[in-house]
Structure formats: structure tokens, C-alpha cells
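Letter by letter, the chains look like this.
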Amino acid sequence: AKGVACYFYLANHVKTRSDLRLVGSCLTVGLLIEGLIACAQAITGSSLGLEVFGERQEEDLVTIELMYTEILRVGGTIGHPNGLGRYLAVVLPVAFLLTLRACRMGWLMRVAAVVAAVSGAIALVLTLSRAGWISAAAAFAVLVTWLLSQRQLRRGAGQAVVVLAVIGVILACFAPLIMSRWFESGAG
């Protein structure tokens, strides 16, 4: 219900390009914060005390046994890893698009969009949410197809290649974890 209400609000109130830039900027800043919180959760192995905001209690944290070790599946402020994966799959393409279009928004927004895309990609991997991974891949495929059909990719091709290369390096760094999640994990 919240998502539908938000959609109708945005559909009825976003009228100009500056309104659209504001919404994209807010989503990117939210992604940046969520990505950094999720990375901090993975480093510390705890919820960071976010249960006061309605997140799951410390004893309810989702862990999974992979590669003979127990790994925390991060949930950010959303609480559950699959919920965070859904959120990241929706917002990551927006940040990626802003890395291409941020030249009109200034250097600060460009840096924020790149850092948000990188931290969001790391957070998406750390959720260990296979559905989130598949959703993000589908969203990026649709976005790149749309950009190619609009011939929009030429303008920001350099930035797009850099961001995709960084995301590729992130995936390569986490390849053993990703592969074990796909092929070894069946329970839970």
C-alpha cells in the first residue's frame, strides 16, 4: 500500500526535469546510506543497534552456513536480507543512470551516485539474496536495452564503462561467496 501511494504521489507531482532530478537524488542518497549501513553490518557482524528503528532483534539476524562458516546476511535498515535485496534491485539502476546523467547535476552528485552504486552493489552481494541478484540483473538488462534503443549510452559511455567495470570487480572479488550461495545453499 505504501508503494502504491508513493507511486501515485510521484506520478501526480513530478512534472519537470528538476522534480525528477530531485527524486533521483533522494533515491541515490538513500541508496548510499543503506549501502554503507549494510557494509558496516557485514564488517561488524551485528545489526548495529538498529532494532530501535523497527529492525529485527539481534537474535533474529539471518545467517547462513556457506563454505563451512556462518555468514551474516545483511538487512540494512529494512531488516530482512530479501527485503533489502528487493530495494537495492530497484534503486541501483537509478544510481547507475545518474552516473551517466549527473553531469548536469554537478560533481558532488556524480561522486555520490558512483559511491552509491558501488556501495549498493556490495550490499546487494552481501544480502546473499538470489532473488535480489536476479532482479538487479533483469533491471540492468532493461535499462541498458532502453539506453541503447534511445541512443543515450554514447554520451555517458565512459562513465558507464567505469561503473560497470567497478561492479564487475566487486562481483569477481565475491565470486566464491556468490558461487557457493548458488550451488551449495539449499536450506533456509
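One can find the structure itself at the top, above this paragraph.
A brief look at the structure comes next. For clarity, every value in this text was computed on a predicted model and none was experimentally measured.

Conventions adopted
- Residues numbered from 1 in each chain as written.
- Predicted model: local features only at pLDDT ≥ 70, side-chain atom pairs only at ≥ 80, totals over all residues.
- Heavy atoms only, no water.
- Helix = DSSP H or I, 4+ residues; strand = E, 2+ residues; numbered from the N terminus.
- Buried < 20%, exposed > 50% of the residue type's maximum accessible area, 1.4 Å probe, protein only.
- Contact = heavy atoms within 4.5 Å.
- Axes fitted to C-alpha atoms, helices over the stretch in contact; angles between N-to-C directions.
- Parallel < 35°, antiparallel > 145°, perpendicular 65-115°, else oblique.
- Phe/Tyr/Trp six-rings, centres within 6.5 Å; stacked < 30°, edge-to-face > 60°.
- Arc of directions from axis to C-beta.
- Left-handed = near helix turned anticlockwise from the far one by under 90°.
- Nonpolar A, V, L, I, M, F, W, Y, C, P; charged D, E, K, R; others polar.
- 1 Å grid on protein atoms, 1.4 Å probe; cavity = no way out; pocket = protein on both sides within 12 Å on 5 of 7 lines; lining within 4 Å.
- Points joined across faces, edges and corners; volume = space filled by probe spheres on them.
- Patch = residues over 30% accessible without salt bridge, like charges linked within 9 Å, V, L, I, M, F, W, Y side chains within 5 Å.
- Areas by Shrake-Rupley, 256 points an atom, 1.4 Å probe, with all protein chains shown as cover.
- Salt bridge = Lys/Arg side-chain N within 4 Å of Asp/Glu carboxyl O.
- Core = buried A, V, L, I, M, F, W, Y, C linked by side-chain atoms within 4.5 Å.

When helices and strands are counted, the protein chain shows 7 helices and 2 strands. Going from N to C terminus, the protein chain has its helices and strands arranged as α-α-β-β-α-α-α-α-α. When each of the 188 residues of the protein chain is scored for burial, the buried share is 39%. Of all intrachain contacts in the protein chain linking residues separated by at least 6 positions in sequence, the fraction that spans at least 24 positions is 70%.

Between helix α5 (residues 130-149) and helix α7 (residues 175-183), the shortest axis-to-axis distance is 11 Å and the interhelical angle comes to 110 degrees. Comparing the axis directions of α5 and α7 gives the class roughly perpendicular. Where α5 abuts α7, its residues Arg130, Trp133 and Ile134 lie against Ile178, Arg181 and Trp182.

Scanning the model with the defined rule gives 1 aromatic pair in all. Aromatic pair Phe96 and Phe140: ring centres 5.5 Å apart, planes at 70 degrees, arrangement edge-to-face. Of this pair, Phe96 sits in helix α3 (residues 81-101) while Phe140 sits in helix α5, and the two are 44 residues apart along the sequence. Accessibility expressed as a relative area gives 16% for Phe140, which makes it buried.

This paragraph deals with α7. Burial in α7 covers these residues: Leu177, Ile178, Ser180 and Arg181. Take α7 and look down its axis: the buried residues cluster within an arc of 165 degrees, on one side only.

This part is about the packing of helix α4 (residues 107-127) against α5. It is the contact of α4 with α5, at a shortest axis distance of 8 Å, that shows an interaxial angle of 140 degrees. Relative to α5, the crossing made by α4 is left-handed. Seen from α4, the contacting residues are Leu124, Val125 and Thr127; seen from α5, they are Gly132, Trp133 and Ala136. Broken down by class, the residue content of the contact of α4 with α5 amounts to 4 nonpolar, 2 polar and no charged.

Our focus in this paragraph is the environment of Leu128. Within the secondary structure, Leu128 sits in the loop between α4 and α5. Residues Leu128 and Ile71, spaced 57 residues apart in sequence, show a C-alpha to C-alpha distance of 9.4 Å.

Bringing the layout of surface pockets into the picture now. Think of a ball as big as a water molecule: rolled over the atoms, this probe shows where empty space is left. Within this model, the second largest pocket holds a volume of roughly 230 Å³. Lining the second largest pocket are Leu92, Ala121, Leu124, Val125, Trp133, Ala136, Ala137, Phe140, Ile167, Leu171, Ile178 and Trp182. If you list the elements that add at least two residues to the lining of the second largest pocket, you get α4, α5, α6 (157-173) and α7. Split into classes, the residues belonging to the lining of the second largest pocket amount to 12 nonpolar, no polar and no charged.

Together, Trp107, Leu108, Val111 and Val115 make up a nonpolar patch on the protein surface, roughly 450 Å² of accessible area in all. Along the chain, Val111 turns up in helix α4.

With that settled, the discussion passes to the nonpolar core. In this structure, Leu31, Leu88 and Leu124 are the most contacted members of the largest nonpolar core, which totals 27 residues. Going through the elements one at a time, α2 (17-44), α3, α4, α5 and α7 are the ones with two or more residues in this core. The element that contributes the greatest number of residues to this core is α3, accounting for 8 residues. If sequence neighbours within four positions are ignored, Leu31 has contacts with Tyr87, Leu88, Val91, Leu92, Ala95, Ala116, Ala117, Ser119 and Gly120.

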